[in-house]
Amino acid sequence: MQPARRGSRTIRIPDRLRPGRAPTLPPSAALPLDTAMTYPPAIVDPAARPAARPAAQPAPRPDGDCPPVEVILPALDEEAAIGGVLAALPRDWFRRAIVVDNGSTDGTAAVAAAAGAHVVHEPRRGYGSACLAGLAALHADTEVIVFLDADGSDAPDRLPGLVAPILAGEADLVIGSRVTAHGQRGALTLPQRTGNAIATAWLRGRFGLPATDLGPFRAIRRSSLKSLHMSDPDWGWTVEMQIKAARAGLRYREVTVPCFRRIGRSKISGTVRGVLGAAFKILGLLAWHDFVRPGSRRRSAPPVTANTPRE
Ligand SMILES: Nc1nc2c(ncn2[C@@H]2O[C@H](COP(=O)(O)OP(=O)(O)OP(=O)(O)O)[C@@H](O)[C@H]2O)c(=O)[nH]1
Ligand SMILES: [Mg+2]
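These figures come from a predicted structure and were not determined experimentally.

Draft legend 1. Quick look at the site of ligand 1. Surveying the vicinity of ligand 1 reveals 19 residues, the closest of which are Asn-102, Ala-150, Ser-266, Ile-268 and Ser-269. Counting only elements with at least two residues in the shell around ligand 1, the list comes to strand 3 (69-75) and helix 3 (127-136). For the shell around ligand 1, the class distribution of residues is seven nonpolar, six polar and six charged.

Given below as structure tokens:
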């Protein structure tokens, strides 16, 4: 790992995110791209689970005709990480990366533009606001949208595993689950793991969604996302999408993805204020949709289960 200088601080950029390096994953995380979740066993019907599909991903076309996929990366002061994240995205699998600069005071926008991304500026702070701004910038013919953090905590080379089930018509929303893999030590903080466990238990028990994670690395069919009318401006964005996906009966799937410690200083999961704010928002949204919002009762249709196409 080579240190990079930034002002008077030394920032260590992992080799896996260095431009030109083939991203490598810890052995424990080197799972097949289409490794699908098998949890919770009580919800997933093994009989309904299709056989492993080693060749599920459509082969990228040699003429450069990528699938109609765009990647949205919300970014706030991620100068040290964004270049490596963009370089590690598999080039044949998406048409454009959109970096939404959420009021950065560092060189995030310049680094992203130099790495070939389309940069959008969104002055309203908040993860959800950044995602909404990215959606507004999509090309008209984009059919699948990938969301990915810009801080180096996800594995960009896993993008095909998220996108393939949607392109194949088997799923509408695919979440990269970090809890079903052995992530890098310390990648998920205790408050993150605890919050995830509570929120996903709620999603499973009250909304019938077989979720194990609220992971930010996710892919969704554009038409499905449009039907959800997403609105949360900050940390409720991820759970809002899962709640509404359950209500709308979207075909839901999770795939195992590794996770890593973020590059740069933690803004949310490592701060008391950030953790409390995110927890309050996420649990508040679950309670709102479960107990208050009209029409919030559980769907009478069978729950959407992982690996169970509804067609
Ligand atoms: N904190 C924060 N992040 C934002 C904002 N807008 C966009 N982002 C980006 O959203 C992604 C997720 O934010 P993170 O700060 O990594 O949140 P987290 O993963 O919960 O916590 P940490 O990694 O510990 O900071 C990153 O790529 C951020 O740069 C914002 O207003 N606040
Ligand atoms: Mg992060």
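Draft legend 2. Structural detail: unusual backbone geometry. Notably, Asp-77 is not glycine yet its phi reads approximately 55 degrees, a positive angle. Along the chain, the position of Asp-77 falls in the loop between strand 3 and helix 1 (79-88). You can call Asp-77 buried: it has 20 C-beta atoms within 10 Å. The backbone of His-229 sits at a positive phi, close to 50 degrees, despite the residue not being glycine. Its place among the elements puts His-229 in the loop between helix 6 (222-228) and helix 7 (237-248). Given 9 C-beta atoms within a 10 Å radius, His-229 is considered exposed.

Draft legend 3. Geometry of helix 4 (residues 159-167). In terms of burial, helix 4 is largely enclosed, as nine of its nine residues are buried. The elements touched by buried residues of helix 4 are strand 3, strand 6 (144-147), strand 7 (173-177), strand 8 (218-221) and strand 9 (252-256). A positive phi of about 80 degrees marks Gly-169, the residue just after helix 4.

Draft legend 4. Geometry of helix 5 (residues 190-207). Between the first and last C-alpha of helix 5 there are 25 Å, a value that for 18 residues agrees with the 26 Å anticipated at 1.5 Å per step. Those residues of helix 5 not exposed but buried are Gln-192, Gly-195, Asn-196, Ala-199, Thr-200, Trp-202, Leu-203 and Phe-207. The buried residues of helix 5 occupy one face: seen down the axis, they fall within an arc of 150 degrees. Exposed and oriented more than 90 degrees from the buried face of helix 5 are Leu-190 and Gly-205. On its buried face, helix 5 sits against helix 7 and helix 8 (272-292).

Draft legend 5. Layout of the packing of helix 5 against helix 7. Interhelical geometry of helix 5 versus helix 7 gives an angle of 15 degrees and a closest axis separation of 11 Å. It follows from the interaxial angle that helix 5 and helix 7 lie roughly parallel. The way helix 5 lies across helix 7 gives a crossing that is right-handed. Contacts from Ala-199, Leu-203 and Phe-207 in helix 5 reach Val-239, Gln-242, Ile-243 and Ala-246 in helix 7. Here the contact of helix 5 with helix 7 is composed, by residue class, of six nonpolar, one polar and no charged.

Draft legend 6. Fine view of the sheet that holds strand 5 (residues 118-121). Reading across from one edge, 5-4-3-6-8-7-9 is the order of the seven strands in this open sheet, with mixed pairing throughout. Only two strands of the sheet have a single partner each, and these edge strands are strand 5 and strand 9. Averaged over neighbouring strand pairs, the angle between their axes works out to 20 degrees when direction is ignored. Sheet analysis places strand 7 next to strand 8, joined by three bridges and oriented antiparallel. By the bridge assignment for strand 8, Val-174 is matched with Ala-219. Where helix 3 meets the sheet, it contacts strand 3, strand 4 (96-101), strand 5 and strand 6, and its direction lies at approximately 145 degrees from that of strand 3.

Draft legend 7. A look at the environment of His-121. Assignment of secondary structure puts His-121 in strand 5. Residues His-121 and Gly-134 lie 13 residues apart in sequence; the distance between their C-alpha atoms is 9.1 Å.

Draft legend 8. Spotlight on the confidence of the model for the protein. Confidence in the prediction of the protein, expressed as mean pLDDT, is 81, and 74% of residues score 70 or more. Scored below 50 in pLDDT, residues 4-8 shows six contacts in the model against residues more than four places distant or in partner chains. Contacts of residues 298-311 to residues separated by more than four positions or lying in other chains number 40 contacts, the stretch itself having pLDDT below 50.

Draft legend 9. Looking closely at the packing of helix 7 against helix 8. The interhelical angle for the contact between helix 7 and helix 8, taken along N-to-C directions, is 25 degrees, at an axis separation of 9 Å. Of the possible angle classes, the one that applies to helix 7 and helix 8 is roughly parallel. Of the two elements, helix 7 crosses helix 8, and the hand of that crossing is right-handed. In this structure, helix 7 contributes Val-239, Glu-240 and Ile-243 to the contact, and helix 8 contributes Ile-282, Leu-285, Leu-286 and His-289. Across the contact of helix 7 with helix 8, the residue classes break down as five nonpolar, one polar and one charged.

Rules of the game
Residues numbered from 1 in each chain as written. Chains lettered and ligands numbered in written order. Predicted model: local features only at pLDDT ≥ 70, side-chain atom pairs only at ≥ 80, totals over all residues. Near = placed C-beta within 6 Å. Helix = DSSP H or I, 4+ residues; strand = E, 2+ residues; numbered from the N terminus. Nonpolar A, V, L, I, M, F, W, Y, C, P; charged D, E, K, R; others polar. Buried ≥ 20, exposed ≤ 12 C-beta atoms within 10 Å, placed from the backbone. Contact = placed C-beta atoms within 7 Å. Expected span 1.5 Å × (residues − 1). Arc of directions from axis to C-beta. Axes fitted to C-alpha atoms, helices over the stretch in contact; angles between N-to-C directions. Parallel < 35°, antiparallel > 145°, perpendicular 65-115°, else oblique. Left-handed = near helix turned anticlockwise from the far one by under 90°. Pairing = 2+ DSSP bridges. pLDDT = per-residue confidence, 0-100.

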